[in-house]
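# Commentary on secondary and tertiary structure
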Amino acid sequence: MSQRIRNGFLGDNYPRNMWWVAAKADEITTTPLARWILELPVVLYRTENGDPVALDDRCPHRWAPLSEGRVDGEQIVCPYHGMRFGADGGCQLVPTQTNIPAGSDIASYPLRESGAFVWIWMGDPAEIDNHEPPVDMGYTADPDWSVVSGYYDVACNWVLIRENVLDLTHLPFLHATTFKQNDWDSIPKSTIDGDVITYRQSFDPAPLSPLFCHAMGFSETKPVARTQVGTMPSLAVSFSDWHVTDPEPAPGARDEFLMRGCHIVTPGLRGRTHYYWAAAFDIPEVDEHAIELSRRNVIEAFDEDKHLLERLQSQVELDPRGDETAEIGLAADGAGLRVRQVLQRRLEAEGRGFES
Amino acid sequence: MSQRIRNGFLGDNYPRNMWWVAAKADEITTTPLARWILELPVVLYRTENGDPVALDDRCPHRWAPLSEGRVDGEQIVCPYHGMRFGADGGCQLVPTQTNIPAGSDIASYPLRESGAFVWIWMGDPAEIDNHEPPVDMGYTADPDWSVVSGYYDVACNWVLIRENVLDLTHLPFLHATTFKQNDWDSIPKSTIDGDVITYRQSFDPAPLSPLFCHAMGFSETKPVARTQVGTMPSLAVSFSDWHVTDPEPAPGARDEFLMRGCHIVTPGLRGRTHYYWAAAFDIPEVDEHAIELSRRNVIEAFDEDKHLLERLQSQVELDPRGDETAEIGLAADGAGLRVRQVLQRRLEAEGRGFES
Amino acid sequence: MSQRIRNGFLGDNYPRNMWWVAAKADEITTTPLARWILELPVVLYRTENGDPVALDDRCPHRWAPLSEGRVDGEQIVCPYHGMRFGADGGCQLVPTQTNIPAGSDIASYPLRESGAFVWIWMGDPAEIDNHEPPVDMGYTADPDWSVVSGYYDVACNWVLIRENVLDLTHLPFLHATTFKQNDWDSIPKSTIDGDVITYRQSFDPAPLSPLFCHAMGFSETKPVARTQVGTMPSLAVSFSDWHVTDPEPAPGARDEFLMRGCHIVTPGLRGRTHYYWAAAFDIPEVDEHAIELSRRNVIEAFDEDKHLLERLQSQVELDPRGDETAEIGLAADGAGLRVRQVLQRRLEAEGRGFES
């Protein structure tokens, strides 16, 4: 495996022909939402029927951002001169004239809702059926699960986050005092099957990270066994499953638990990424105090990632050497390098390479 | 009329050989004023005789901004080493030596004061007499008129404002709750004579906008008839005349009024515009309360334009598609498209096209 | 002497093969310090033995800034995955594997500590012995001297500061009300010997600047004679020696004093300069009140330079004419033009010219 595959993080390094997450489902309402996705301005809204819609956020007339307008029925109304567009992007009204000029329709992007998230296709519409559908996120809206989630607008390229979450040997360093899962000092076995990357690793009983122990009812010092399984079913999302076993459960008590971490990235403006995270426990109705503790602790740890990756991105952007020098590969990069392989393959399939 | 004339708003799209407004007359004093005009740094000041002066804001020696210096008599003194320049840009003193080095003179730009405004010529000096003089703005300093005025530094290209103020069919949309002149839902007839653009339109009695009714002594519900006349005598300034007739005046009361709106734009730094507005009533000494009401309401409405146009400009600047796609033309663009025609003609006369 | 030598201040105009000041000695501790020097990211720290170290601030693995990590013994530990580097830049540990991959070493920059400052060599290592050593700054840590010092991060190119401090005929203009040394209205004689520039000038008795008089025990109105000697032993540092003689000393009192001003510049990011200043009196233990008065007055005056030079830089950066026009030379530019000559010679010796 060559260690010299670039990730192209200073440039446009995202495949178009795939589903990306556009927003959390509850972010899309009848009040238009402006969001840069794959470096394009998109307006997201829900029709009065509740269907999510994604359109080019630029009126074809004088280029006003439609996201400054309002929703009426299934239409969005341009804030400037009141032109109206339907969910398919078709122009349906020009207030000051009876005919609709040719060329007045705008791009509409296919959306798919899955659990707590809405996915968007911004590539070639003819290619949709040739590619994997959006990843099933149904569990995020399943009452048998308890979910903590959050969103960051991160000033770094999406691949930096993707690589970060697929190599957790950074826990004992970047997160030594927050994650406190400092036994993660060896390298998991990683495999690739098609474009799906997986790693797996088992750990002897040790205290579970304060990010997750409270929701499972463990103290911060209680030793439990863990099997860590990471999966990246799509460049857009990866899971970090924490299979936890209590070696000495109380009589009749449950002794196995799963925390499914979820890392969703979507390229925004150049050098910026929408990052959605979720920590889902296969436990119904975890009490609010434990959930809040988990949320607070996750945020404290992920703030460390955000800070480091933003400094990394900014420093390389400012550095006249840019990304011309090669990075050194480590054995721990197994899963991360497979990300680069998948990425390179997807870009080549679109007739593109890295640009920076 | 082709709908495909670009306005070039991402680039340098301003004619040089014409008069632009440099500043309000009362902004120019014996304290130097720094202002970017047509993407060049200009220092504006008044001599002790009261004559306005505009010079290149860059000392020829070590390029210090003269606007950081001070005025002495008719001279401006460089803040750095004390070199002195007269109103014609001629270097008149180098403190540490007796001779004046060749090449020490700097550019001086012709100015013309008219009413409350001072105009500047930054084009070819030999072309001044071949072009229209500054527009007569005498009424803005006439005691028979009551004037409300203001200034915005807007982060958008000047043409976006120019087109905005010449097509008021955006009132019922962008300003539905501020201007409240929501009967402006049809298209005026527009004409062009030389480079002068005019539109004209009459409206049945309806309540007059709260931006203007108070100064004329009308309540916000009193129906009055309006004839709206727009004129653009120069790319630098356009007028929006509101001829108002009271269909049922009180006995002996005045029944005809004019509110002359004035929209002055001057390109500043790339993507920024100096925008001066004035609302002038042909009524002497309107009471201060009505004037303040007018000022407050105009600002509330114009803030809506500023917000929308700045988002528009910024969004197109960030969009990798830039301005390569064509805009769709509407019938309502009559006056606006004539602006583009005049602009294109003026740029061609200077041997230039749009650059972006 | 041609007046048309550019200083290249919009571009990369710094020689690499010379010593520059990296930091004040007390800024470098066992807590890593991030600093851009010659447009490259550098991390500075002290080993537990107290030796200063400068390394490339970019881990060779995934490019994290090492300055976000921590120091352990003589090593710096990468914040991301814990790779360790020694003072020579050699990688000494990869936590998750036993071997060190080829190419894991990073650049280490030679440092030299001298008085209160630490110097860095970022050029060709083979050239070190062919060039002048760091300037002796021992007096800045000598108890027979009393030193006031400070640091500015200035948003202008280093040459603008270098030229500023070598032509003090700007005192009566930029600093008329702060320095109050307004007799500096004539031009000193300047000479060049190799790359060392010197100027010398004597002044009749006059009140001494409030920046320095208090430390010498003079009132702000007491007339004293001055001989001003400027020296630039290196592009990185220049001295401004104020030799002061009291023409009517009290019986038995000291009648000669020296204030050695010191101006250190180091290029940082494009268009930014690290500027260290010091005012050192050849008087042991000047009382704290006089020192504070001196510090406050120096800062008030140097703030004027910073403000003017930052506006100058920013205005020329924004000006479409850039630095294409020629500057006018004055007789007072003698020392400043010699700076440009030295600079041009040094760049040519490195096979480079000005780029912008």
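Residues numbered from 1 in each chain as written. Chains lettered and ligands numbered in written order. Predicted model: local features only at pLDDT ≥ 70, side-chain atom pairs only at ≥ 80, totals over all residues.

### Quick notes on the overall build of chain A
As a reminder, the rule being used: A run of DSSP states H or I qualifies as a helix once it reaches four residues; a run of E qualifies as a strand once it reaches two. Both are numbered from the N-terminal end. In this scheme every C-beta is placed from the backbone, and a residue whose C-beta has 20 or more other C-beta atoms within 10 Å is buried, one with 12 or fewer is exposed, and one in between is partly exposed.
Looking only at helices and strands, one finds 5 helices and 17 strands in chain A. Residues classed as buried in chain A amount to 47% of the 356 residues present.

### A word on the sheet that holds strand S8 (residues 91-93) of chain B
Residues and elements named next belong to chain B. Rule in force here: The pairing criterion is simple: DSSP has to find at least two bridges between the two strands.
Spatial strand order, S5-S6-S7-S8: 4 strands in an open sheet with antiparallel pairing. On the outer flanks of this sheet lie strand S5 (70-72) and S8, each paired with one strand and no other. One ladder, built from 3 bridges, connects S5 with strand S6 (residues 75-77); its direction is antiparallel. Bridge pairing in S6 places Arg70 opposite Val77.

### Some remarks on helix H1 (residues 158-166) of chain B
Helical geometry note: an α-helix holds 3.6 residues per turn, so side chains three or four residues apart project in the same direction. Of all 9 residues that make up H1(B), 9 are buried, and the element is covered over most of its length. Those residues of H1(B) that fall on the buried side of the exposure criterion are Trp158(B), Val159(B), Leu160(B), Ile161(B), Arg162(B), Glu163(B), Asn164(B), Val165(B) and Leu166(B).

### Some words on the nonpolar core
In plain terms, the rule: Only buried residues count toward a nonpolar core: Ala, Val, Leu, Ile, Met, Phe, Trp, Tyr and Cys, linked into one set through C-beta atoms within 7 Å. By definition, residues are in contact whenever their C-beta atoms, placed on the basis of the backbone, come within 7 Å of each other.
Ranked by internal contacts, the top residues of the largest apolar core, which has 302 residues, are Ala22(A), Ile120(A), Ala22(B), Ile120(B), Ala22(C) and Ile120(C). In this view, Ile120(B) contacts Trp19(B), Trp20(B), Ala22(B), Ile37(B), Ala54(B), Tyr109(B) and Leu111(B); residues no more than four positions away in its chain are not counted.

### Points about the interface of chain C and chain A
Spelled out, the test is: Amino acids are sorted into nonpolar (Ala, Val, Leu, Ile, Met, Phe, Trp, Tyr, Cys and Pro), charged (Asp, Glu, Lys and Arg) and polar (every other residue, Gly among them).
At the interface, 23 residues of chain C touch 22 residues of chain A. Of the residues that constitute the side of chain C that touches chain A, the class distribution is 12 nonpolar, 7 polar and 4 charged.

### Observations regarding the relation of the copies chain A and chain B
For clarity, the threshold we go by: Copy-to-copy superposition: least squares on the C-alpha atoms, limited to residues that have pLDDT of at least 70 in both copies.
The operation relating chain A to chain B is a screw motion whose rotation component is 120°, with 0.1 Å of axial translation and a residual RMSD of 0.0 Å. A rotation of that kind, with that shift, is consistent with a three-fold axis.

### Notes on the packing of H1(B) against helix H5 (residues 334-349) of chain B
Residues and elements named next belong to chain B. Condition: Axis angles are defined between N-to-C directions and span 0 to 180 degrees, where every axis is a line fitted to C-alpha atoms and, for a helix, only to the segment in contact. Definitions for this section: a left-handed crossing has its near helix turned counterclockwise from the far helix by less than a right angle. A right-handed crossing has that turn clockwise.
Relative orientation of the contacting elements H1 and H5 amounts to 140°, with a least axis distance of 8 Å. Relative to H5, the crossing made by H1 is right-handed. Here H1 contributes Val159, Arg162, Glu163 and Leu166 to the contact with H5, which in turn contributes Ala335, Gly336, Val339 and Leu343. Of the residues assigned to the contact of H1 with H5, the class counts are 5 nonpolar, 1 polar and 2 charged.

### So, the confidence of the model for chain A
In plain terms, the rule: The pLDDT value tells you how sure the predictor is about a given residue, anywhere from 0 up to 100.
Here chain A averages 96 in pLDDT, while 99% of its residues score no lower than 70. Our summary of model confidence lists the complex with pTM equal to 0.96 and ipTM equal to 0.95.

### Looking at unusual backbone geometry
Positive phi, close to 55°, is recorded for Lys180(B), a residue that is not glycine. Within the secondary structure, Lys180(B) sits in the loop between helix H2 (171-174) and strand S13 (189-193). Given 20 C-beta atoms within 10 Å, Lys180(B) falls into the buried group. Here the phi dihedral of Glu39(C) falls at roughly 65°; this positive angle occurs in a residue that is not glycine. Inspection of the secondary structure assignment puts Glu39(C) in the loop between strand S2 (33-37) and strand S3 (40-46).

### A word on the sheet that holds strand S15 (residues 237-245) of chain C
Residues and elements named next belong to chain C. If you walk across this open sheet you meet the 7 strands as S11-S17-S16-S15-S14-S13-S12, and the pairing is antiparallel. This sheet does not close on itself; its edge strands, each paired only once, are strand S11 (146-154) and strand S12 (189-193). Put simply, the sheet's adjacent strands are angled 15° from each other on average, direction ignored. Relative to strand S13 (residues 196-207), S12 is paired through 5 bridges, and the arrangement is antiparallel. When the sheet's bridge partners are listed, Lys189 is paired in S13 with Arg200.

### Here we look at the interface of chain A and chain B
Reports often express the size of an interface as the amount of accessible area lost when the parts come together. If you look at the interface, chain A gives 23 residues, while chain B gives 22 residues. When its residues are assigned to classes, the side of chain A that touches chain B shows 12 nonpolar, 7 polar and 4 charged.

### Points about the domain arrangement of chain A
Residues and elements named next belong to chain A. Threshold: Throughout, the edges of the domains are those of an automatic or database domain assignment.
The domain architecture assigned to chain A consists of domain 1 (19-130) and domain 2 (138-349). Elements supplying a minimum of two residues to the side of domain 1 that touches domain 2: strand S1 (19-24) and strand S2 (33-37). For the side of domain 1 that touches domain 2, the element with the highest residue contribution is S1, accounting for 4 residues. Of the residues that constitute the side of domain 1 that touches domain 2, the class distribution is 8 nonpolar, 2 polar and 2 charged.

### Examining the packing of helix H1 (residues 158-165) of chain C against helix H4 (residues 288-318) of chain C
All names here are of chain C. For clarity, the threshold we go by: An angle below 35 degrees is treated as roughly parallel, one above 145 as roughly antiparallel, one from 65 to 115 as roughly perpendicular, and anything else as oblique.
The geometry of H1 relative to H4 is characterised by a closest axis approach of 10 Å and an angle of 135° between their N-to-C directions. In terms of their interaxial angle, H1 and H4 are classed as oblique. As for the relative orientation of H1 and H4, their crossing is right-handed in sense. Across the interface between the two elements, Leu160, Ile161 and Asn164 of H1 pack against Asp305, Leu309, Leu312 and Gln313 of H4. Within the contact of H1 with H4, the residues separate by chemical class into 4 nonpolar, 2 polar and 1 charged.

### A short note on helix H5 (residues 334-349) of chain C
Residues and elements named next belong to chain C. Heads up, the rule is: Each helix should span, by expectation, one fewer than its residue count multiplied by 1.5 Å.
Taking 1.5 Å as the rise per residue, H5 with 16 residues should run 22 Å; its terminal C-alpha atoms sit 23 Å apart, in good agreement. Among all positions in H5, only Gly334, Ala335, Gly336, Leu337, Arg338, Val339, Arg340, Val342 and Leu343 are buried. Looking at the buried positions of H5, the neighbouring elements they touch are H1, S12, S13 and strand S14 (223-234).

### Topic: the environment of Met259(B)
Along the chain, the position of Met259(B) falls in strand S17 (residues 256-267). Separated by 32 residues in the primary sequence, Met259(B) and Ile291(B) place their C-alpha atoms 12 Å from one another.

### So, the pairing of strand S15 (residues 237-245) of chain A
Residue and element names in this part refer to chain A. For strand S14 (residues 223-234) and S15, the ladder comprises 8 bridges, and the chain directions are antiparallel. Looking at the pairing, Ala225 lines up with Thr245 of S15. Between the antiparallel neighbours S14 and S15 lie 2 residues. Inspection of the sheet shows S15 paired to strand S16 (residues 256-267) by 9 bridges, in the antiparallel sense.

### A short note on the pairing of S13(C)
All names here are of chain C. Between S12 and S13, which pair antiparallel one after the other, the connecting turn spans 2 residues, and Gly194 there sits at a positive phi close to 65°. Here 9 bridges tie S13 to S14, and the two strands are oriented antiparallel to one another. Residue pairing across strands places Phe203 opposite Arg226, the latter belonging to S14.

### With respect to the environment of Glu248(B)
All names here are of chain B. Among the structural elements, Glu248 can be located in the loop between strand S16 (237-245) and S17. Judged by local crowding, Glu248 falls into the exposed class, with 10 C-beta atoms found within 10 Å. Sequence-wise, Glu248 and Pro223 are 25 residues apart; in three dimensions their C-alpha atoms are separated by 9.2 Å.

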